[in-house]
Amino acid sequence: MQSWQLNGPKLVKFGPRVRNEVIPLAKALARRAIVLVGSRTLRQSSLCQQWLEDFQKQLPVECSLQLPAREPQVDDVNHLAHSLRELSAGPDDVVIVVGGGSSIDMVKAACGLATQKEVRSCQDYLEGVGTGAKLIQAPLRWIALPTTAGTGSEATRNAVISSDDSSTSTPFKKSFRSDELYAQAVFLDPEWTLSLPRQVTISSGLDALTQLLESAISSRATPYTFMLSQQGLAWGLPAFEQLLQEPENLDARGKMLSAAYLSGVALANSGLGAAHGVAAGLGAILPVPHGLACAVMLPHTLAYNFSTSQSALEIMARSAGLSATPNTSAATQLIERITHLVHLCQIPQRLRNLGVTQEMIPQLVELSQGNSLQGNPRPISPAELEQWLCSIW
């Protein structure tokens, strides 16, 4: 009998206009809210402006800090943590982040650093490249309002942080991970996602689908995480396909947002696989957006793991409404459907199309070694990884 446990945020709410329920919760929790919005465009939107106006009528709000519009780097987190200290952020405050996965990761990590009596660089806490530093003091409490349906960062206990060119000669993309970093609450409001550009919908959505499939077949999957992955794919795959045709369909937006959240819960408790492992390496050596890197790797990874994961993929396929035919298994149909979907979204099929040269592959192998790769259901040595990457170059 397999043992398992499930960790996640303390409170999760879903629904249109559920963003307005943040206000009474923040009022009950804190004397002041520090609101961090992921982009200037989002902050200037009528939806955000009205929400902030309503917020400020009921609780003092500090929202003078601007988040960089990029995947978080070490210096970004250090700077934000410093700014939170300057605001004297403490136990009477709650930090609220409105934004995509990168913004949530940045804020999550900064909330962990800001309260530590010993001021250290974020890099000291990163897996594989840090000094092994651990959080001693409790982080600032934070609440997430995700505005993209992709990373599931609002559900996890880790923040993915990249190197800064100025701070290291060796690139990396690693996790800052702690059980203390879970959100106080998550509010999943699909109305935030209605105005997403098509490309963001595609890249974030394919990231969520990758996470659902990788967490389902991970060597660390549990019965509970597998169930979450099933439901997530049942919502996410048809919703994603619908959004390509009807981007303003609120029901599809809601199902995709819910699927992304479930992908975060699943991966936080089961881990991922080779697609995410290699995506981390790609993001470290080239300016490749995370969702794009995952989308490129997903069909190849499913095919690579087919021999060890066919039974799990069969169940996942049936969850997505697929069934076997006399000539084709449901699992094979799922891989074919994902491959077609990636092609339909004009995602490159080869590493060379992302700017990877053959000379980069040994470095890519090295940078792909990490927690995600260790969860791949088919064990893959560095030599095997190099051979595989060369075959899809």
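Residues numbered from 1 in each chain as written. Predicted model: local features only at pLDDT ≥ 70, side-chain atom pairs only at ≥ 80, totals over all residues. Heavy atoms only, no water.

Structural notes on the overall build of the chain
Applied cut-off: A run of H or I in DSSP counts as a helix once it spans at least four residues, and a run of E counts as a strand once it spans at least two, with each numbered from the N terminus. The globule rule used for comparison is 2.2 Å times the number of residues to the exponent 0.38, while the radius of gyration itself is calculated over C-alpha atoms. Relative accessibility decides the category of a residue: with a 1.4 Å probe and only protein chains considered, values under 20% of the type maximum give buried, values over 50% give exposed, and everything between is partly exposed. Throughout, a contact is declared for two residues whenever any of their heavy atoms are within 4.5 Å. Where accessible areas are quoted, they stem from the Shrake-Rupley method and a 1.4 Å probe; at the residue level, only the protein chains shown are allowed to cover. Positive: Lys, Arg. Negative: Asp, Glu. His and the chain ends are not part of the count. Think of each charge as sitting on NZ of Lys, CZ of Arg, CG of Asp or CD of Glu.
Assigned secondary structure in the chain consists of 15 helices and eight strands. Taking 2.2 N^0.38 as the reference for a compact globule, 393 residues should give roughly 21 Å; the C-alpha atoms of the chain span a radius of gyration of 20 Å, in line with that estimate. By its C-alpha atoms, the chain is 65 × 45 × 45 Å across when sized along the principal axes. Among the 393 residues that make up the chain, the fraction classed as buried is 58%. Pairs at least 24 residues apart make up 80% of the contacts formed inside the chain by residues separated by at least 6 positions. Accessible surface computed for the chain: about 16300 Å², of which carbon and sulfur atoms make up 49%. The centroid of the 30 positive side-chain charges in the chain is displaced by 4 Å from the centroid of its 33 negative side-chain charges.

What to know about helix H7 (residues 223-245)
The condition that has to hold: Expected span of a helix, by definition, is 1.5 Å for each gap between consecutive residues, and there is one gap fewer than residues.
Spanning 23 residues, H7 covers 34 Å between terminal C-alpha atoms, matching the ideal 33 Å at 1.5 Å per step. Those residues of H7 that sit buried are Thr225, Phe226, Leu228, Ser229, Gly232, Leu233, Gly236, Leu237, Ala239, Phe240, Leu243 and Leu244. Where the residues of H7 are buried, they touch helix H6 (198-217), helix H8 (250-270), helix H11 (306-319) and helix H12 (330-344).

Examining the packing of H6 against helix H10 (residues 290-304)
The condition is simple: Interaxial angle, 0 to 180 degrees, is taken between N-to-C directions of lines fitted to C-alpha atoms, where a helix line uses only the stretch in contact. Here the word oblique covers every angle except those under 35 degrees (roughly parallel), over 145 (roughly antiparallel) and from 65 to 115 (roughly perpendicular). Handedness of a crossing follows from how the near helix is turned relative to the far one, being left-handed for an anticlockwise turn of less than a right angle and right-handed for a clockwise one. As a working rule, the residues Ala, Val, Leu, Ile, Met, Phe, Trp, Tyr, Cys and Pro are called nonpolar, Asp, Glu, Lys and Arg charged, and the rest polar, with Gly in that last group.
Running from N to C, H6 and H10 point in directions that differ by 40 degrees, and their axes come no closer than 8 Å. What the angle tells us is that H6 and H10 run oblique. The crossing of H6 and H10 is left-handed. Residues Ser203, Leu206, Asp207, Thr210, Leu213, Glu214 and Ile217 of H6 pack against His290, Gly291, Leu292, Cys294, Ala295, Leu298, Thr301 and Leu302 of H10. Across the contact of H6 with H10, the residue classes tally to eight nonpolar, five polar and two charged.

Some details on helix H5 (residues 101-114)
The terminal C-alpha atoms of H5 lie 20 Å apart, and with 14 residues this matches the ideal 20 Å at 1.5 Å per residue to within 8%. H5 sits mainly inside the fold: 13 of its 14 residues count as buried.

Remarks on the nonpolar core
What counts is decided by this rule: Buried Ala, Val, Leu, Ile, Met, Phe, Trp, Tyr and Cys residues form a nonpolar core when they are joined through side-chain atoms within 4.5 Å. Either an automatic procedure or a domain database provided the assignment from which the domain bounds are taken.
Counting residues in hydrophobic clusters, the biggest one holds 108 residues, and the most contacted among them are Leu334, Trp388 and Leu389. Here this core spans two domains, since at least three of its residues come from each of domain 1 (12-193) and domain 2 (198-392). Apart from the residues within four sequence positions on either side, Leu334 is in contact with Leu213, Leu233, Leu237, Leu313, Met316, Ala317 and Leu322. Of all hydrophobic cores here, the second largest spans 24 residues; its members include Trp51, Leu52, Cys63 and Val94.

A short note on unusual backbone geometry
The phi dihedral of Ser88 falls on the positive side, at around 55 degrees, and the residue is not glycine. As for its placement among the helices and strands, Ser88 is situated in the loop between helix H4 (74-86) and strand E4 (93-99). Non-glycine residue Gln346 carries a positive phi angle of around 60 degrees. You can see Gln346 is positioned in the loop between H12 and helix H13 (361-368). Take Gln346: its relative accessible area is 72%, and that puts it in the exposed class.

Considerations on the UniProt feature "domain: Fe-containing alcohol dehydrogenase-like C-terminal" (unreviewed entry) in the chain
Threshold: UniProt positions are given in the numbering used here, feature names are shortened, and annotations may be inferred rather than shown by experiment.
Sequence positions flagged by UniProt for "domain: Fe-containing alcohol dehydrogenase-like C-terminal" (unreviewed entry) are, in local numbering, residues 201-389. With 72% helix and 0% strand, residues 201-389 has its two end C-alpha atoms placed 27 Å apart.

Some thoughts on the state of the cysteines
Note the following rule: The term disulfide is used for any two cysteine sulfur atoms that are within 2.5 Å.
Tallying each qualifying case throughout the model produces zero disulfides. Considering cysteine sulfurs only, Cys63 is the nearest to Cys48, which forms no disulfide, with 8.6 Å between them. Residue classification places Cys48 among the buried residues on the basis of a relative accessible area of 0%. Here Cys345 is not disulfide-linked; the sulfur of Cys294 is the nearest cysteine sulfur, at 14 Å.

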